[in-house]
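Residues per chain are reported as follows:
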Amino acid sequence: MIPRILKWSTLLATCAWLAGCATAPGKDYSAYRAAKPASILVLPPINDAPEVQASASVLSQATLPLAEAGYYVLPVTLVSETFRQNGLEIAGDIHEVAPAKLQEIFGADAALYLRVTRYGTTYQVIQSATVVSVEARLVDLRTGTQLWDGRASASNQEGGNNSGGGLVGMLVTALVHQIVNSATDAAHPMAGVATNRLLAAGTPNGLLYGPRSPLYGKN
């Protein structure tokens, strides 16, 4: 009798686990697949970080992963100049433009709305961490429907910061990092990592491949 009870208990536990896996939440790609965007307009990122260069840094690295994913991306310089000629130079104001108007002006299928939430280096006594965090929304300009959203971060401390020189070695390393980070934009490479993580196609809950990719329709 006891083995039979254990058998049924194991079976019920397995069924419950499978049911939990089956109902695990995930992104709904139905609107994305139905829209079939082929061209993307990348809007200047809204910058919530104190560093003024954050928006330009992320924008300069956003087009490459989209192009590699199989989309035609409108040239950033052309887009920026078009907005400037129309009196729009602040990212927040540009994000408020109606999707239908953007579609009328640029003819793109979808627009990518970016927001930089973290950008820069935080200094501590024995170490410093450079972190960049970015959020994104992909919106169908023909209907105004949101097709996808995501967020990603990158830090130069992801691999750890082990020092073999003890406390003195850690202090020297932290001092060197502070000098280097003060003289250069240490967050720019991290912006590239975060942006690629966010916009690379084929990742879990990431963008779908575009029509210019040989993997189009396979994810």
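Residues numbered from 1 in each chain as written. Predicted model: local features only at pLDDT ≥ 70, side-chain atom pairs only at ≥ 80, totals over all residues. Heavy atoms only, no water.

J.: Which parts of the structure should I look at to understand the nonpolar core?
T.: The nonpolar side chains of soluble globular proteins are, as a tendency, buried together. Formed by 37 residues in total, the largest nonpolar core has its most connected members in Tyr32, Val42, Leu112, Leu114, Leu138, Trp148 and Leu199. Elements with a minimum of two residues in this core: helix 2 (30-35), strand 1 (39-42), helix 3 (54-60), strand 4 (110-123), strand 5 (128-140), strand 6 (146-155) and helix 9 (187-199). Of all the elements, helix 9 adds the most residues to this core, at 6 residues. Those residues in contact with Val42 that lie beyond four places of it in its chain are Leu59, Ala62, Leu66, Val73, Val79, Leu112 and Leu114. Counting 14 residues, the second largest nonpolar core, distinct from the first, contains Leu41, Val79, Tyr113 and Val139. (Core = buried A, V, L, I, M, F, W, Y, C linked by side-chain atoms within 4.5 Å. Buried < 20%, exposed > 50% of the residue type's maximum accessible area, 1.4 Å probe, protein only. Helix = DSSP H or I, 4+ residues; strand = E, 2+ residues; numbered from the N terminus. Contact = heavy atoms within 4.5 Å.)

J.: Would you mind going over the pattern of salt bridges with me for this structure?
T.: Between side chains of opposite charge, pairing is possible as soon as their charged atoms come close. A complete count under the given rule lists 8 salt bridges for this structure. One salt bridge connects Asp109 with Arg142, and the closest N-O pair in it is separated by 3.7 Å. In this pair, Asp109 is assigned in the loop between helix 7 (99-106) and strand 4 and Arg142 in the loop between strand 5 and strand 6, connecting sequence segments 33 residues apart. (Salt bridge = Lys/Arg side-chain N within 4 Å of Asp/Glu carboxyl O.)

J.: Explanation requested: the environment of Pro65 in the structure shown.
T.: Looking at where Pro65 falls in the secondary structure, it is placed in helix 4 (residues 63-68). In this structure, the C-alpha to C-alpha distance between Pro65 and Arg197, residues 132 residues apart in sequence, is 8.8 Å. Look past the residues within four positions of Pro65 in its chain and what remains in contact with it is Thr195, Asn196, Leu199 and Ala200.

J.: Just checking my understanding: could you explain the environment of Ala136 for this structure?
T.: As for its position among the elements, Ala136 is in strand 5. For Ala136, a relative accessible area of 4% corresponds to the buried category. For the pair Ala136 and Trp148, spaced 12 residues apart in sequence, the C-alpha separation works out to 8.2 Å. For Ala136, the contacting residues outside a window of four places in its chain are Leu112, Tyr113, Leu114, Trp148, Asp149, Gly150, Leu198 and Leu199.

J.: Is there a simple way to explain the side chain of Asp109 in this structure?
T.: Here Asp109 falls in the buried class, since its relative accessible area comes to 15%. Polar side-chain contacts of Asp109 include one of 2.8 Å to the backbone nitrogen of Ala38. Beyond its immediate stretch of four places on either side in the chain, Asp109 contacts Pro37, Ala38, Ser39, Val139, Asp140, Leu141 and Arg142. (Polar contact = N/O pair within 3.5 Å; in protein donor to acceptor, adjacent residues only side chain to side chain.)

J.: It is not clear to me how the packing of aromatic side chains should be interpreted in this structure. Could you clarify?
T.: The relative placement of two aromatic rings is captured by the distance of their centres and the angle of their planes. For the coordinates displayed, the defined rule picks out 2 aromatic pairs. Directly above the aromatic system of Tyr113 lies the positively charged group of Arg137, at a separation of 4.7 Å from the ring centroid. (Phe/Tyr/Trp six-rings, centres within 6.5 Å; stacked < 30°, edge-to-face > 60°. Lys NZ or Arg CZ within 6 Å of the ring centre and 35° of its normal.)

J.: Please clarify how the pairing of strand 5 should be interpreted in this entry.
T.: Among the 13 residues in strand 5, 10 count as buried, and that is most of the element. Of the pairings in the sheet, the one linking strand 4 to strand 5 comprises 13 bridges and is antiparallel in character. Paired with Leu114 across the bridge in strand 5 is Ala136. As defined by bridge partners, strand 5 adjoins strand 6 across 9 bridges and the pair is classed as antiparallel. The residue bridging Arg137 from the neighbouring strand is Asp149, located in strand 6. Between the antiparallel neighbours strand 5 and strand 6 lie 5 residues, among them Gly144 with a positive phi of about 80 degrees. (Pairing = 2+ DSSP bridges.)

Note that every value here comes from positions in space, so none of it alone points to a role or purpose.
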